[in-house]
Amino acid sequence: GLPPALPTLPLELTVLYNFLLFTEGASDSAVKEIHQGLLRVLEACGNCGQSLSTEELWQKVLQEVTAEELQAPLHRLGALQAAWWLSDSCLSSTTILIRLLGHAEDLGKAHCSEGENELLSLLKAWHLPAEETSLPIIQRTEDLKLMLCTTAAFLQGLQEMDAGNLSTAFSLLQEAAGGFCTKKVLAQIYTCLGCCTHRMGKPQTALQHLKRALQVDFQCLSALSHAAAVYHQLGETDVELQALALLYEALVKKPPAAASSSQCFLIQLELLIHTPVLASLLRPHHPSEVKYLLAQRCLQDGRVTDAVEHYLDLLTLLQEGLQQQVPIDGSSTLPRIPEVFLEAASALDQAGRHQDAITMCEEVISRTTDLIPRMLRPEEMLEQMECPSPEAGLSQRKESLCCLAWRTAGFLHQGWAWAKLGESKEAITQFSRMLSPGVCVCLPENLVPEVEVLQKIRLFSLIGRGMQFLELGKHKEALLDFQHSLQISPGDPAASSFLVQTLWKLNRKQEAATHWHKFSQSSSGEDGKGRPCPLYLVSCLKQVMFPHRESLARSVQDFLRTADQDPAR
């Protein structure tokens, strides 16, 4: 409450500086305190600046206050002000302030040539006044300046990477890596360098930076996560799985307390860099997410025994409580829980544990049955998508479609499991449960993903049931299923081949040859049609593939040659 006096201002500003170092967590209040301090400086010098913004106030103070004893305290407060502005990504305000803090001769040194970063050049050229030895300060201004250089380089590097300017981002991040920071921040910078070079199409260079991050700070688990992603891109599955296993092991163990830095500063880089880009790159993984990645990659790579082990471990984790296993912000990489069960069932079935697969699918079926309306027609949903409707209603219909897809996929997997157990009649029963009314056959193009998944399941079920009818010698029933399959997916290679084979078994060889010729001409354009199958359906896709295509082709060709030689036939 005392009026400001010029002789005591250096002490007052130094006390303010030290005080703000202890309240570094609240930048808004810190900026207000600095603003009030600058007003007292102007008042002591006989000026007024009540109506000025903080940027304008700094300009007025630095241009009009020339007292030598105030220069060091003002530069200290200026460094703090720059820190808070950088923490709020106010690069323009920071650049103007550092330019004002620089002396005339320093501005000449800071002249930027093309390609140089203006803020970094100004910070490096900024000449700090000598510190007063009689006034103790908690953190040296020189240290704060060095930290500002690193912060400016790091922050701008992240912004350039987010904007897609990868070469510029790489240069700025390299500048930050050579700056003044803790080991924890240095590891984060190397992690960002790894992500940047990965996006630049340099996976080996990315791995070098990510390994460097782990060497600097072995607790930088995001570097390990990104390294696994790079190994995945390179197709080095063994190393990728090793990295994921190490990551999971590190996550389930309680990490040791972080080692204290040999130099302790109240203002640190960790407090200044908290952008969404960095948060995304360093997002912590939950053990369940990593366990799922292990299970998923093993299943995709055909390591079904390992996949089963990981899926069962994952389900055990999820039973401990979903909220404890996934991020609360909705950013989890885990798929929906029924899909995890279906993928686990697929792995169990491929590993020869068919009864376990049936039990796993029954869990999905029992939990989704009551969530599906008795009649759910996808074309009704498509009509609603074209017309204005409450968003909640549309979301509910999409959720019902998802539940229907999971339930029918459960029947599909059960059908294949019973078929592998040699129980063709039970397999036919399960395939038929999927084919009950409620999912229409003909749908327009540009399907929503949920409807297209349902159509794939229906296709696989019809082909699967037809295959079982063939096993039982019921060729006419099989023929009907393969014909219906081609109504769902015209030109499907598997359905086409099974149709020809069935006609051949029924001694309708001329008709079989005609269909074969027609399908052979169109099959090249039909392969790969539509979206990729969900992982839980990939094994079903493999099981409906026709196994005797070449021998059937030779039989048809021989028949056609014989028919050409004997027109009466």
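Just so we're clear, the structure is a prediction, and the values are computed from it rather than from any experiment.

Our focus in this paragraph is the overall build of the protein. Secondary structure summary: the protein contains 29 helices and zero strands in total. Considering only contacts in the protein between residues 6 or more positions apart, those separated by 24 or more positions represent 68%.

Once that is clear, we can look at the UniProt feature "repeat: TPR" (unreviewed entry) in the protein. When the UniProt feature table is mapped onto this chain numbering, "repeat: TPR" (unreviewed entry) sits at residues 459–492. Taken end to end, residues 459–492 comprises 79% helix and 0% strand; its first and last C-alpha atoms sit 9 Å apart.

Below, the discussion takes up the pattern of salt bridges. Counted according to the given criterion, the structure contains 17 salt bridges. Residue Lys-420 pairs with Asp-349 through a salt bridge whose shortest N-O separation is 3.1 Å. Remark: Asp-349 occurs in helix H19 (residues 337–350) and Lys-420 occurs in helix H22 (residues 391–420); sequence separation between them is 71 residues. Between Arg-367 and Glu-363 there is a salt bridge, with the nearest N and O atoms lying 2.5 Å from each other. With Arg-367 and Glu-363 both in helix H20 (residues 354–368) and four residues apart, the pair spans about one turn of that helix.

Attention now goes to unusual backbone geometry. Although it is not a glycine, Ser-89 adopts a positive phi angle of roughly 60°. Given a relative accessible area of 31%, Ser-89 falls into the partly exposed group. A positive phi is found at Asn-507, a non-glycine position, where the angle reads about 65°. Considering the arrangement of structural elements, one finds Asn-507 in the loop between helix H26 (493–505) and helix H27 (509–526). Owing to a relative accessible area of 58%, Asn-507 belongs among the exposed residues under this scheme.

Take the environment of Ala-553 next. In this structure, Ala-553 sits in helix H29 (residues 549–565). Sequence separation between Ala-553 and Val-500 is 53 residues; the distance between their C-alpha atoms is 9.8 Å.

Note on placement: Pro-4 falls in the segment before helix H1 (9–22). Apart from the residues within four sequence positions on either side, Pro-4 is in contact with Arg-40, Glu-43 and Ala-44.

On to the nonpolar core, then. Phe-154 and Leu-158 are the most contacted members of the largest nonpolar core, which has 80 residues in total. Per-element accounting of this core gives the leading share, ten residues, to helix H4 (residues 68–87). Composition of this core by domain shows at least three residues from each of domain 1 (1–110 + 117–128) and domain 2 (140–254 + 268–285). Membership of the second largest hydrophobic core comes to 59 residues, among which are Leu-401, Trp-416, Leu-503 and Cys-540.

For the rest of this paragraph, the subject is the packing of helix H11 (residues 203–216) against helix H12 (residues 221–234). The packing of two helices is summarised by the inter-axis angle and the distance between the axes. Two numbers describe how H11 lies on H12: the axes approach to 9 Å, and their chain directions differ by 160°. The angle between the axes of H11 and H12 places the two elements in the roughly antiparallel class. Judged by the twist between their axes, the crossing of H11 over H12 is left-handed. Side by side, H11 and H12 meet where Pro-203, Gln-204, Ala-206, Leu-207, Leu-210, Lys-211, Ala-213 and Leu-214 of the first sit next to Ala-223, Leu-224, His-226, Ala-227, Val-230, Tyr-231, Gln-233 and Leu-234 of the second. Split by residue class, the contact of H11 with H12 holds twelve nonpolar, three polar and one charged.

Positionally, Ser-461 belongs in helix H24 (residues 449–471). Here Ser-461 falls in the buried class, since its relative accessible area comes to 0%. Those residues within four positions of Ser-461 in sequence are excluded, and the remaining contacts are Leu-412, Phe-431, Met-434 and Leu-435.

With that settled, the discussion passes to helix H17 (residues 304–319). Between the first and last C-alpha of H17 there are 22 Å, a value that for 16 residues agrees with the 22 Å anticipated at 1.5 Å per step. Along H17, the positions that sit buried rather than exposed are Val-304, Ala-307, Val-308, His-310, Tyr-311, Leu-314, Leu-315, Leu-317 and Leu-318.

Moving on, we get to the packing of aromatic side chains. Applying the stated criterion across every chain yields a total of five aromatic pairs. Between the aromatic rings of Tyr-292 and Tyr-311, the centroid separation amounts to 6.4 Å while the plane-to-plane angle is 70°, which identifies the pairing as edge-to-face. Here Tyr-311 lies in helix H17 and Tyr-292 lies in helix H16 (residues 287–300), a separation of 19 residues in the sequence. In this structure Tyr-292 comes out as buried when scored by relative accessible area, which is 5%. Summarising the aromatic geometry, the rings of Phe-498 and Phe-546 are spaced 4.9 Å apart at their centres and angled 90° between planes, so their arrangement reads as edge-to-face. Pair noted here: Phe-498 is in helix H26 and Phe-546 is in the loop between helix H28 (535–543) and H29, with a separation of 48 residues, a long-range link. Note on Phe-498: relative accessible area 4%, which makes it buried. Under the relative-accessibility criterion, Phe-546 is labelled buried at 12%. Ring pairs connect the aromatic residues Phe-482, Phe-498 and Phe-546, which therefore count as one cluster. Over the aromatic face of Tyr-17 sits the side chain of Arg-76, whose NZ or CZ is 5.8 Å from the ring centroid.

Let's shift gears to the packing of H19 against H28. Closest axis-to-axis distance for the H19/H28 pair is 7 Å, and the angle between their directions is 35°. Residues Glu-339, Leu-342, Glu-343, Ser-346, Asp-349 and Gln-350 of H19 lie in contact with H28, whose contacting residues are Leu-535, Tyr-536, Ser-539 and Gln-543. When its residues are assigned to classes, the contact of H19 with H28 shows three nonpolar, four polar and three charged.

Let's shift gears to the confidence of the model for the protein. The pLDDT averaged across the protein works out to 84; a share of 83% of its residues lies at or above 70. At the level of individual helices and strands, the protein shows its lowest average pLDDT in helix H6 (residues 104–109), which scores 45, and its highest in H11, which scores 97. Here residues 104–110 is modelled with pLDDT under 50, and outside its nearest four sequence neighbours on either side it reaches ten contacts, counting other chains as well. Segment residues 259–265: pLDDT under 50, and five contacts once partners within four positions in sequence are set aside and those in other chains are kept.

Once that is clear, we can look at H26. Taking 1.5 Å per residue, 13 residues should reach 18 Å; H26 reaches 18 Å between its end C-alpha atoms and fits that length. Counting buried residues in H26 gives ten out of 13 residues, a clear majority hidden from the surface. When H26 is considered as a whole, its buried residues turn out to be Ala-494, Ala-495, Ser-496, Ser-497, Phe-498, Leu-499, Val-500, Gln-501, Thr-502 and Leu-503. The opening residue of H26 is Asp-492, an N-cap whose side-chain oxygen sits 3.2 Å from the backbone nitrogen of Ala-494.

Rules behind the numbers
Residue indices follow the written sequence of each chain, beginning from 1 at its first position. The predicted nature of this model means local features are confined to residues of pLDDT at least 70 and side-chain atom pairs, given and counted, to a pLDDT of 80 or more, with totals for whole chains, interfaces and linings taken over all residues. In computing side-chain properties, one takes all heavy atoms of the structure into account and sets aside hydrogens as well as water. Working definition: helices are DSSP H or I runs of at least four residues, strands are E runs of at least two. Numbering for both runs from the N terminus. Here, residues are in contact when the closest pair of their heavy atoms is within 4.5 Å. UniProt positions are given in the numbering used here, feature names are shortened, and annotations may be inferred rather than shown by experiment. For salt bridges, the criterion is a side-chain nitrogen of Lys or Arg within 4 Å of an Asp or Glu carboxyl oxygen. When a residue's accessible area, from a 1.4 Å probe over protein chains only, is under 20% of the maximum for its type it is buried; when over 50% it is exposed; and in between it is partly exposed. Here the nonpolar core consists of buried residues drawn from Ala, Val, Leu, Ile, Met, Phe, Trp, Tyr and Cys, with membership extended through side-chain atoms lying within 4.5 Å. What counts as a domain boundary in this text is fixed by an automatic or database domain assignment. Lines are fitted to the C-alpha atoms to define the axes, a helix being fitted only along its stretch in contact, and any angle between axes, read from their N-to-C directions, falls within 0 to 180 degrees. Note on angle classes: values under 35 degrees are labelled roughly parallel, values over 145 roughly antiparallel, values of 65 to 115 roughly perpendicular, and the remainder oblique. Crossing handedness: left-handed means the near helix sits turned counterclockwise from the far one by under a right angle, and right-handed means the same turn made clockwise. Basically, the charged four are Asp, Glu, Lys and Arg, the nonpolar ten are Ala, Val, Leu, Ile, Met, Phe, Trp, Tyr, Cys and Pro, and anything else, Gly included, counts as polar. The span you would expect from a helix comes to 1.5 Å times its residue count less one. Centre distance within 6.5 Å is the pairing criterion for rings of Phe, Tyr and Trp, where only the six-membered ring of Trp is used; planes under 30 degrees apart are then read as stacked, over 60 as edge-to-face, and the remainder as tilted. Two conditions define a charge sitting above a ring: the NZ of Lys or the CZ of Arg must be within 6 Å of the ring centre, and it must be within 35 degrees of the ring normal. Note on scores: pLDDT gives the predictor's confidence for each residue, bounded by 0 and 100. Any pair of nitrogen or oxygen atoms within 3.5 Å is treated as a polar contact; in protein, a donor-acceptor pairing is required on top of that, and neighbouring residues in sequence qualify only through side-chain atoms on both sides.

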